[in-house]
Amino acid sequence: MSDALLRVNDLSVCALTESGEYDIVNHLGFSLQKGEILGLVGESGCGKSVTALSIAGLLPEKIRIHTGSVTFEGQELQLLKKRELRKIQGKELSMIFQEPMTSLNPLMKIGRQVSENLRLHSSLTAGEIRGQTLRILGKVGLPRPEELIDAYPHELSGGMRQRVMIAMAVICKPKLIIADEPTTALDVTIQAQILGLLREINREFDCAILFISHDLGVIRRLCHRVLVMYAGTVVEEGAMRSVFAHPAHEYTKGLIGSIPTRDLKGKRLANIPGHVPPLTEKQMGCPFAPRCGQAQAACFTQKPPSITLEPNHRVCCFEAGKESEEEYA
Ligand SMILES: Nc1ncnc2c1ncn2[C@@H]1O[C@H](COP(=O)(O)OP(=O)(O)O)[C@@H](O)[C@H]1O
Ligand SMILES: [Mg+2]
């Protein structure tokens, strides 16, 4: 589809370390439509944050994109000049991180931080900026905005700080918000409120959200579509309903099985045995093969094909391919 808001094509990202270069993200591809809420899920260490930072142009030193492209509204971000990129970053594409305390400036008043992008990217008067800042603080459910603009981050609770981050992210009405584990550090009640707030913002501002979490249960509550990531690559993607009704990859099945359930009082039903392979381990075949109960010999030596199961559901797996062939034979 040509009207995608964001398109990531064959993206590979590597880390430069003293002992060599290692791939963190491998040939990643997906697109995100205007107004869509797309989930990116995978265990810790799968490369979700590095993917987010690559898209936002915020990769740290020693990590670099070595192939592929990231286009935002048809523009290749890597080709933009620093100044043009900064304009997109502050205004059209914004990020929310897991730990607001590390992204907020402890020495700057809340009002000034929230309004910063507006000051940089609009020609509004000081009075108009103050008005908009108060409005957005109210919008994200923060009480007494007039007092809050003069407060410092340490005077706020974790949930309130996350709301401040969301206010900062939406004040310029971006087209895309990348939210990297924004509720992971919060307790379940506050987590539910923040998810509700993101849903409202998506509807009201029609901004797309790339929502990243290690918890498929959280992703399911918010997202329209999901990408399941393992060892730097997407192993399954599809509409939320389709992926939950017919998960095709053993990793996706494992993630679904490990969602805490209410009847077991939050206990997990199962855990996926094994762990995410270290980056230093070169993968010949399917990266999940060593942990997969269904793996065959070919899974360890050849890259699995990408199989389309339904128009909006695909999986990278030899075995799932066989099953779907049988189904349609
Ligand atoms: N600055 C860095 N230098 C070297 N390796 C890194 C750096 N940041 C992340 N990595 C490695 O990249 C992999 C993916 O990390 P990350 O994207 O943070 O995973 P996730 O967000 O899915 O938990 C991990 O193995 C991590 O150790
Ligand atoms: Mg992360």
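Keep in mind the model is a prediction, meaning the values are calculated, not measured. Residue numbers here run from 1 along each chain, matching the order of that chain's written sequence. To label them, take the chains in the order written and letter them from A, then take the ligands in the order written and number them from 1. With pLDDT at 70 or above as the cut-off, local features in this predicted model cover only qualifying residues; side-chain atom pairs require 80 or more to be listed or tallied, and sums for whole chains, interfaces and linings still use all residues. To get the side-chain values, all heavy atoms of the structure are used, and hydrogens and water are removed first.

Peer 1: A description of the sheet that holds strand E11 (residues 306–310) should follow, citing residues and the corresponding values.
Peer 2: Taken in spatial order, the 8 strands make up an open sheet running E6-E7-E8-E3-E9-E10-E12-E11, and their pairing is mixed. Sheet topology places strand E6 (93–96) and E11 at the edges, where each strand pairs with a single neighbour. Recorded for the sheet is a direction-independent mean angle of 20° between the axes of neighbouring strands. By the bridge criterion, 4 bridges tie E11 to strand E12 (residues 313–316) in an arrangement that is antiparallel. Note that in E12 the partner of serine 306 across the bridge is cysteine 316. Pairs of residues are marked as contacts when any of their non-hydrogen atoms sit within 4.5 Å. For helices, the axis comes from a line fit to the C-alpha atoms of the stretch in contact; other axes are also lines fit to C-alpha atoms, and the angle between any two N-to-C directions lies between 0 and 180 degrees. We count a stretch as a helix when DSSP gives it H or I for four or more residues in a row; a strand needs E for two or more, and each element gets its number in order from the N terminus. Relative to E6, helix H1 (residues 48–56) is tilted by about 150°, and along the sheet it contacts strand E3 (37–41), E6, strand E7 (176–180), strand E8 (208–213) and strand E9 (225–230). Helix H11 (residues 250–257) rests against E3, E9 and strand E10 (233–239) of the sheet, and its axis sits at about 110° to E9. Whether two strands pair comes down to DSSP finding at least two bridges between them.

Peer 1: Can you break down the pairing of E3 residue by residue, with the values?
Peer 2: Each residue's exposure class comes from its accessible area (1.4 Å probe, protein chains only) as a fraction of the maximum for that residue type: buried when under 20%, exposed when over 50%, partly exposed otherwise. Buried residues dominate E3, accounting for 5 of its 5 residues. Judged by which residues are buried, E3 turns out to be covered on both faces: Ile37, Gly39 and Val41 on one side and Leu38 and Leu40 on the other are all buried. Of the strand pairs in this sheet, E3 and E8 are connected by 5 bridges, and their pairing is parallel. Note that in E8 the partner of isoleucine 37 across the bridge is isoleucine 209. The sheet contact formed by E3 and E9 spans 4 bridges and is parallel. Of the residues in E9, the one forming a bridge with leucine 40 is leucine 227.

Peer 1: I'd love a proper account of the nonpolar core, names of residues and values included.
Peer 2: Residues Ile166, Phe211 and Tyr251 are the most contacted members of the largest nonpolar core, which totals 60 residues. Setting aside anything within four residues of it in sequence, one finds tyrosine 251 in contact with Gly42, Glu43, Cys46, Val228, Met229, Tyr230, Val235, Ile272 and Phe288. Working definition of a nonpolar core: buried Ala, Val, Leu, Ile, Met, Phe, Trp, Tyr and Cys residues. They are joined through side-chain atoms within 4.5 Å. Residues Leu6, Leu28, Ala56 and Phe72 belong to the second largest nonpolar core, which totals 36 residues.

Peer 1: Account for helix H8 (residues 188–205), with residues named and values stated.
Peer 2: The first and last C-alpha atoms of H8 sit 25 Å apart over 18 residues, in line with the 26 Å expected at 1.5 Å per residue. Of all the residues in H8, the buried ones are Gln191, Ile194, Leu195, Leu197, Leu198, Ile201, Asn202 and Phe205. Each buried residue of H8 sits inside an arc of 160° when the element is viewed along its axis, so together they form one side. Those residues of H8 that are exposed and aimed more than 90 degrees away from the buried face are Val188, Thr189 and Arg203. Pairs of N or O atoms are called polar contacts if they sit within 3.5 Å, as long as, within protein, a hydrogen donor faces a hydrogen acceptor (for residues adjacent in sequence, only side-chain-to-side-chain pairs). Between the side-chain oxygen of the N-cap and the backbone nitrogen of threonine 189 there are 3.1 Å, and the N-cap of H8 in question is aspartate 187. Here, expected helix span is obtained from the residue count minus one, scaled by 1.5 Å. Working note: the arc is built from the helix axis to C-beta atom directions.

Peer 1: Got a sec to walk through the site of ligand 1? Specific residues and values, please.
Peer 2: Around ligand 1, a shell composed of Ala15, Ile24, Glu43, Ser44, Gly45, Cys46, Gly47, Lys48, Ser49, Val50, Ile63 and Leu279 is seen. With respect to ligand 1, the backbone of glycine 47 contributes an N or O atom lying 3.1 Å from an oxygen atom. Lysine 48 places a polar side-chain atom, nitrogen or oxygen, 2.8 Å from an oxygen atom of ligand 1. When ligand 1 is considered free in solution it has 560 Å² of accessible area, and contact with the protein chains removes 64% of it. In terms of residue count, H1 provides more of the shell around ligand 1 than any other element does, 3 residues in total. Taken together, the residues that form the shell around ligand 1 break down as 6 nonpolar, 4 polar and 2 charged. Here a residue is considered near a molecule or strand provided that any single heavy atom belonging to it is located within 4 Å of it. Areas reported here follow the Shrake-Rupley algorithm with a probe of radius 1.4 Å; residue values treat only the protein chains shown as occluding. Any residue that is not Ala, Val, Leu, Ile, Met, Phe, Trp, Tyr, Cys, Pro, Asp, Glu, Lys or Arg is counted as polar, Gly included; the first ten are nonpolar and the last four charged.

Peer 1: Account for the pattern of salt bridges, with residues named and values stated.
Peer 2: Salt bridges are defined as contacts in which a side-chain nitrogen from Lys or Arg sits within 4 Å of a carboxyl oxygen from Asp or Glu. Under the counting rule described, the total for this entry stands at 11 salt bridges. As a salt-bridge pair, glutamate 43 and arginine 291 come within 3.0 Å of each other at their nearest N and O atoms. In this pair, glutamate 43 sits in the loop between E3 and H1 while arginine 291 sits in the loop between H11 and E11, placing the two residues 248 residues apart along the sequence. Judged by relative accessible area, arginine 291 falls into the buried class, the value being 11%. The residue glutamate 147 makes a salt bridge to arginine 144 at a minimum N-O spacing of 3.3 Å.

In short, shape yes, function no, at least from these values alone.
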